[in-house]
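This is what each chain is made of:
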Amino acid sequence: MSTQAARKPRVRAPGPGVPLALLLPALLGLAFLLVPLLALLLRAPWRSLPEQLTSPEVWEALRLSLLCATTATALSLVVGVPLAWLLARTDFPGRGLVRALVTLPLVLPPVVGGVALLLALGRNGVVGQWLDAWFGITLPFTTAGVVLAETFVAMPFLVISVEGTLRAADPRYEEAAATLGASRFTAFRRVTLPLVAPGIAAGAVLAWARALGEFGATITFAGNFPGRTQTMPLAVYLALQNDPAAAIALSLVLLAVSVAVLAGLRDRWMRAV
Amino acid sequence: MPKHPETANSGPVPATAGLDARLVVDRGSFRLDIALNAAPGDVVALLGPNGAGKTTALRALAGLAPLAAGHLRLDGTDLHRTAPESRPVGVVFQDYLLFPHLTALDNVAFGPRCRGAGKREARAGAAEWLDRMGLAEQAGTKPRHLSGGQAQRVALARALATHPRLLLLDEPLAALDARTRLEVRAQLRRHLAAFEAVAVLVTHDPLDAMVLADRLVVVERGLIVQEGAPSDIARHPRTEYIAQLVGLNLYRGQADGHTVRLDAGPAVSTTEDLSGPAFVAFPPGAVTLHRERPTGSSARNLWHCAVAGLESHGDQIRAELTGELSLAADLTTVAAAELDLHPGAPVWAAVKATQTHAYPA
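Residues numbered from 1 in each chain as written. Chains lettered and ligands numbered in written order. Predicted model: local features only at pLDDT ≥ 70, side-chain atom pairs only at ≥ 80, totals over all residues.

Further remarks concern the overall build of chain A. Within chain A, the secondary structure is distributed over 14 helices and zero strands. If you list the helices and strands of chain A from N to C, you get α-α-α-α-α-α-α-α-α-α-α-α-α-α. By principal-axis analysis of the C-alpha atoms, chain A measures approximately 70 × 65 × 35 Å. By the burial criterion, 33% of the 273 residues in chain A qualify as buried. Of the contacts made within chain A by residues no fewer than 6 positions apart, 74% connect residues no fewer than 24 positions apart. (Helix = DSSP H or I, 4+ residues; strand = E, 2+ residues; numbered from the N terminus. Buried ≥ 20, exposed ≤ 12 C-beta atoms within 10 Å, placed from the backbone. Contact = placed C-beta atoms within 7 Å.)

Spelled out as structure tokens, the structure:
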């Protein structure tokens, strides 16, 4: 840490030496990012806030949001970590293509993701019709549907983060484990997994935050039913139509959660810069 | 200098015991093709320049690199198609690769656990190994808090804890600083001497190879160029690489303070303070030659010898001397001419104590 700091190039304090042509747009950009957040704080109905936040609708939406985001993260971990391992540690034909497809939801508009999920898992969807016919399982417009929509959008964040960590981890530890009698799975479980745990944790937090804020895919695939599929972002959007004060209050809660996430990750990100 | 004359000279090894391998590994345009045979108790050093294929050979023995052809039998069992985790092979990796999230104890217990031992049993066994390595106090220490020498011993204990029939060591001393290296080399030598199965080590350091191994196998460009007892190879180098490699006079003797009385006869003054069995080494370049007995010389070691042979290596002349002590001396062509060196010529060979290097055997 200290040696890294020592090698860091010297940075000048902004002052007379900084050209205005750079300083002005920089400050404008900073203001653009900060003013909306500031506005949220300035216009917050602080007096009625306790009342707003204790209403059962808010709690219902918050509970559902936390439940769905956490479940989606858990689901992402269960299938995403092995997927990341496959991408990082094995070589198979078309691996580059698979990797590109995995990252597609990162750039895909979430609404399109929701439509795609409907076509796949909807009652008449490619897979959904069989789920309905054989098991009587219907996913759209259910809480499970919210979890799936959030997983679809959030999992790529986890996969990319874990894959990067796995690539940076020395694969020879797995070889060392093999020479000690560990099968590939044992080596993964007892050596690789603990080694990349910080990367997995960071990826999980990232995925969780993404899932918590998920709107487009959720409303498309799961709808907006209070208590069942109405998560915080959906509640905010709905409240904005008829009760702006409530929308601001809900937004403040999400902002607080985001700040908490950022604070939790500061060790990993802020110092790494 | 074979440590086990009884195994080194025991003639044909029974087909069932020990290592019998021909390793052919293709890596791009590079092909490794070497035959290795060793009896239980043997310590074989693969010596060669970087890129010669030494580490590839080790990886092939461990099952980490597939054989393109050849065979691999250990104690009569064919291991050619056996997965690495099923081979009775222990590996000490160059930078040890101790699992950073596990304590020294759990690193050593890892192998026995994977091979089916219960947690308590594996840990008890690991504690015994650490104790044997003099690391009982470091049992709960994570690898990043171990010194280089301690990490090396933990790595050795980890490899030995599975009771391998073949122990592989990849540059076991390369990661250590010069001082630690001496100490660890002596310890490693003791542990290897006590190891009852086959040990194969890879090194580019001739001193490590000669101290640790009974037999050297010199590998260049994927092929064996010379093999035999270290002393034989040192006396009769057959390639330029080996000649440079073994550019070292190495003796064994009994140390007493700053003096080592050599098994070969004379005593050598050293800067190190030792007692008991010891090695003394010095490079041929450290030897100065005189036709008359030098009077004002500050060199503490002076032997009366005769030139047995002269060989030119580039702009250097290597003089092989016999007499009180057999040694090799390097000198420039000009100096050789001035001294009028020729086979049979009597010379005084001087070596400063500071140029010698003594360490426990």
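Still more ground to cover, so stick around.
With that settled, the discussion passes to the interface of chain A and chain B. Taken together, the 14 residues of chain A in the interface contact 17 residues of chain B. Looking at the side of chain A that touches chain B, the elements with two or more residues in it are helix H9 (172-179) and helix H10 (184-195) of chain A. Broken down by class, the residue content of the side of chain A that touches chain B amounts to eight nonpolar, four polar and two charged. (Nonpolar A, V, L, I, M, F, W, Y, C, P; charged D, E, K, R; others polar.)

Attention now moves to the sheet that holds strand S9 (residues 215-220) of chain B. Residue and element names in this part refer to chain B. Across the sheet, six strands lie side by side as S6-S7-S8-S3-S9-S10; this open sheet has mixed pairing. Edge positions in the sheet fall to strand S6 (89-92) and strand S10 (223-228), since each of these pairs with one other strand and no more. Sheet twist, expressed as the average angle between the axes of neighbouring strands with direction ignored, equals 20°. Across five bridges, S9 lies against S10 in antiparallel orientation. Within S10, the position partnered with Val217 by the bridge is Glu227. (Pairing = 2+ DSSP bridges. Axes fitted to C-alpha atoms, helices over the stretch in contact; angles between N-to-C directions.)

Moving on, we come to the nonpolar core. Of all hydrophobic cores here, the largest spans 99 residues; its most connected members are Ala45, Leu61, Val108, Leu166, Leu168 and Val200 of chain B. Aside from chain neighbours lying at most four places away, what touches Val108 of chain B is Ala126, Trp129, Leu130, Val154, Ala157, Arg158 and Ala161 of chain B. Among the nonpolar cores identified, the runner-up in size contains 48 residues, and Ala88, Leu118, Val162 and Ala207 of chain A belong to it. (Core = buried A, V, L, I, M, F, W, Y, C linked by C-beta atoms within 7 Å.)

This part is about the packing of helix H8 (residues 143-168) of chain A against helix H11 (residues 197-213) of chain A. All names here are of chain A. Direction vectors running N to C along H8 and H11 enclose 160°, while the axes themselves pass 8 Å from each other. In this view, H8 runs roughly antiparallel relative to H11, as classed from their interaxial angle. When you trace H8 past H11, the crossing you get is right-handed. When H8 is examined against H11, the residues Glu150, Val153, Ala154, Met155, Phe157, Leu158, Ser161, Val162, Gly164 and Thr165 are found in contact with a partner set consisting of Gly199, Ile200, Ala202, Gly203, Ala204, Leu206, Ala207, Arg210 and Ala211. Tallied by class, residues from the contact of H8 with H11 come to twelve nonpolar, five polar and two charged. (Parallel < 35°, antiparallel > 145°, perpendicular 65-115°, else oblique. Left-handed = near helix turned anticlockwise from the far one by under 90°.)

Okay, unusual backbone geometry next. All names here are of chain B. We note that His163 has phi near 50°; this positive angle belongs to a residue other than glycine. Along the polypeptide, His163 turns up in the loop between helix H5 (148-160) and strand S7 (166-170). Owing to 13 C-beta atoms within 10 Å, His163 belongs among the partly exposed residues under this scheme. Within the chain, Arg221 stands out as a residue other than glycine whose phi angle is a positive 50°. With respect to the helices and strands, Arg221 occurs in the loop between S9 and S10. Residue class for Arg221 comes out partly exposed when judged on the 13 C-beta atoms lying within 10 Å of it.

As a further point, take the pairing of strand S3 (residues 43-47) of chain B. All names here are of chain B. Of all five residues in S3, five are buried; the element is thus mostly enclosed. Every second residue of S3 is oriented toward a common face, with Val43, Ala45 and Leu47 on one face and Val44 and Leu46 on the other, all of them buried. Here S3 runs beside strand S8 (residues 198-203); their pairing, made up of five bridges, is parallel. Note that in S8 the partner of Val44 across the bridge is Val200. Inspection of the sheet shows S3 paired to S9 by four bridges, in the parallel sense. Across the sheet, Val44 pairs through a bridge with Arg215, a residue of S9.

Right, let's talk about the environment of Ala345 of chain B for a bit. Residue and element names in this part refer to chain B. Locating Ala345 in the fold gives a position in the loop between helix H10 (333-338) and strand S17 (346-351). Ala345 gets classed as partly exposed once you count the C-beta atoms within 10 Å, which come to 16. As a C-alpha pair, Ala345 and Gly149 span 196 residues in sequence and 46 Å in three-dimensional space. Other than its neighbours up to four places away in sequence, Ala345 contacts Ala306, Val307 and Asp340.

Let's shift gears to the domain arrangement of chain B. All names here are of chain B. Considered domain by domain, chain B is made up of domain 1 (5-98 + 146-239) and domain 2 (250-360). For domain 1 versus domain 2, the distance between C-alpha centres works out to 32 Å. Taken residue by residue, the interface counts five residues in domain 1 and five residues in domain 2. Those elements that provide at least two residues to the side of domain 1 that touches domain 2 are helix H6 (178-194) and helix H7 (206-212). It is H7 that provides the largest number of residues to the side of domain 1 that touches domain 2, a total of three residues. Considering only residue class, the side of domain 1 that touches domain 2 consists of five nonpolar, no polar and no charged. (Domains from an automatic or database assignment.)

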